[in-house]
Amino acid sequence: MIEVPGELKKLAEIFRKNGYKLYAVGGFVRDSLLGVKNSKGEDFDICSKATPEVIEKMLYKTEFKLEPLSKELGVLKILGENKYEHATFRRETYTNSSHIPTKVEFIQSLKEDAERRDFKINSIYYDILSEEVIDPLGGEEDIKNKTITTTKDPRLVFDDDPERVLRLIRLSCSLGFTIKEEELEFAKKFAENIVYISRGRVRKEFQKMLVADTFYPEIEETKGAHIKAIEMLEDFGILQYIFPLLHEANTSNKYNYNGKKYYAYILNHLKKAKPSIRLALIFFDFTRLKESKNQKKDFDKKAFVKKIVEENIGEKVTNFPAQTKSKVIKTVLGYDFYKTLFMTNKKIRRFVFDNYDALNDIIELKSFVHLPEKEDKKRVLSIQILKETKREMENEKVIFDKEDLNITGKEVIREFPKIKLELLSEFMTEIAGKMAETQTKNDKETIIVTGNKVINSKRDYWLDKWFWFQF
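Residues numbered from 1 in each chain as written. Predicted model: local features only at pLDDT ≥ 70, side-chain atom pairs only at ≥ 80, totals over all residues. Heavy atoms only, no water.

## Description of the packing of helix α7 (residues 163-175) against helix α9 (residues 199-210)
Packed helix pairs are specified by the crossing angle of their axes together with the interaxial distance, meaning the distance between the axes.
Part 1 of the argument: For the pair α7 and α9, the least separation of the axes is 10 Å and the interaxial angle reads 5°. Between α7 and α9, the angle is such that the two are roughly parallel. Across the interface between the two elements, Glu163, Leu166, Arg167, Ile169 and Arg170 from α7 touch Arg201, Val202, Glu205, Lys208 and Met209 from α9.
Part 2 of the argument: Per-class residue counts for the contact of α7 with α9 are 4 nonpolar, no polar and 6 charged. (Axes fitted to C-alpha atoms, helices over the stretch in contact; angles between N-to-C directions. Helix = DSSP H or I, 4+ residues; strand = E, 2+ residues; numbered from the N terminus. Parallel < 35°, antiparallel > 145°, perpendicular 65-115°, else oblique. Contact = heavy atoms within 4.5 Å. Nonpolar A, V, L, I, M, F, W, Y, C, P; charged D, E, K, R; others polar.)

So, in structure tokens, the structure goes:
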């Protein structure tokens, strides 16, 4: 028997009272039959013949809330203690140019709904109330044999939606399943069509691939699954579209490390690294290589790191959020933090403040990457200093975010009427940073005093040039 949350049975009862059977489907059913639990706790996929309009009526004034996702596709999120993504049984029609359904029809047939899905292992249904497994396409056999086959002709499956190529790679690696020969052939043939799908969809799959070894820790075969996924992306000819730096490291003779291809070095490093620093580690390794080959004194490391981050996970590639890019840059550059003879406690605290969102990753990266022996004592000491300073500042309840200042933006404008409005957010962050340098109270009076110090240190920057002299 497949175990489902108690509230999902309550939800199924509501559906039954309104004349509909509710089914669990997809990864939850697949993993349950495989005898493993997805450690990432992804949403439950459920489905039925009920349309979104019908579901809105049947769940009105119940404990469940609704969040529309795509009414055209019959998809909405049902919120309880858990999140359930419901899809109405449907038939999809694609054209060669769109790679998204151009026509969607809601249907009554469970088997036909199964056929529009990607793989047989994801097309097994579980009747929540009758506790019956319904396997219209033979997905259980694939699970037993640890193989992946498509629900219909693989030529159609991968041509209809190229994202399925990425899911094939991710599932094969994270589950340790083999891919049937025909599926593999056509997946490779249509792989380059990922350039037609949104960068966001590609990013989500790649992010999962980077931690593919963590989804099912109890499956021995999936150790190093994230490395296998990257290698498969390269074998399919699409790593160049997802992470150009890694592809170039593999194909260019420019990048070698101790006589070996740098690509192999990076993958070996990634294999041992914790998930939290893997993305930053790729850029860190490449930056170190660039530094070792570039002996010019004017090498701008910060500018270089920003450039390669944007070129590989920026808007034109996988379009990672600005917050993620900033954190990666801080982590890569933060490795260089070492206490010098002239570094004051204020400067250390300011470093912690400026890099607080990335500090754990900086510490992890410094712990993971060892320097030559003569430098190792400095590395160990810097880790200790960062940990102790972070703990000290947290115990002092230091403000690490301008949003936590005991003053509003309107009050800041009232107290500093000549401040450039476009710099308001930056100004408040700088106030918080200055306050973090010493143990200060988070009260309005202290904030205003600190604000004046910030302005006086750089009046022509913070104040409107026509008024700063009047301040």
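## Looking at the pattern of salt bridges
Part 1 of the argument: A complete count under the given rule lists 36 salt bridges for this structure.
Part 2 of the argument: Residue glutamate 220 pairs with lysine 223 through a salt bridge whose shortest N-O separation is 3.3 Å. Across the pair, lysine 223 and glutamate 220 agree in class, each one exposed.
Part 3 of the argument: The shortest N-O distance in the salt bridge between glutamate 310 and lysine 325 comes to 3.0 Å. Note that glutamate 310 is positioned in helix α15 (residues 301-313) and lysine 325 in helix α16 (residues 322-334), a separation of 15 residues in sequence.
Part 4 of the argument: Note on lysine 325: relative accessible area 15%, which makes it buried.
Part 5 of the argument: Salt bridges linked by common partners bring Arg90, Glu92, Asp113, Arg116 and Arg117 together as one network. (Salt bridge = Lys/Arg side-chain N within 4 Å of Asp/Glu carboxyl O. Buried < 20%, exposed > 50% of the residue type's maximum accessible area, 1.4 Å probe, protein only.)

## A look at the nonpolar core
Part 1 of the argument: Core analysis: the largest hydrophobic core is formed by 99 residues, its most contacted members being Ile169, Phe243 and Phe283.
Part 2 of the argument: Residue contributions to this core peak at 8 residues, all from helix α14 (residues 278-293).
Part 3 of the argument: Those residues within four positions of phenylalanine 243 in sequence are excluded, and the remaining contacts are Phe206, Leu279, Ile282, Phe283, Asn312 and Ile313.
Part 4 of the argument: Ranked by size, the runner-up nonpolar core spans 36 residues in total, among them Ile362, Val398, Val412 and Val454. (Core = buried A, V, L, I, M, F, W, Y, C linked by side-chain atoms within 4.5 Å.)

Function cannot be read off these values alone, since they describe shape.
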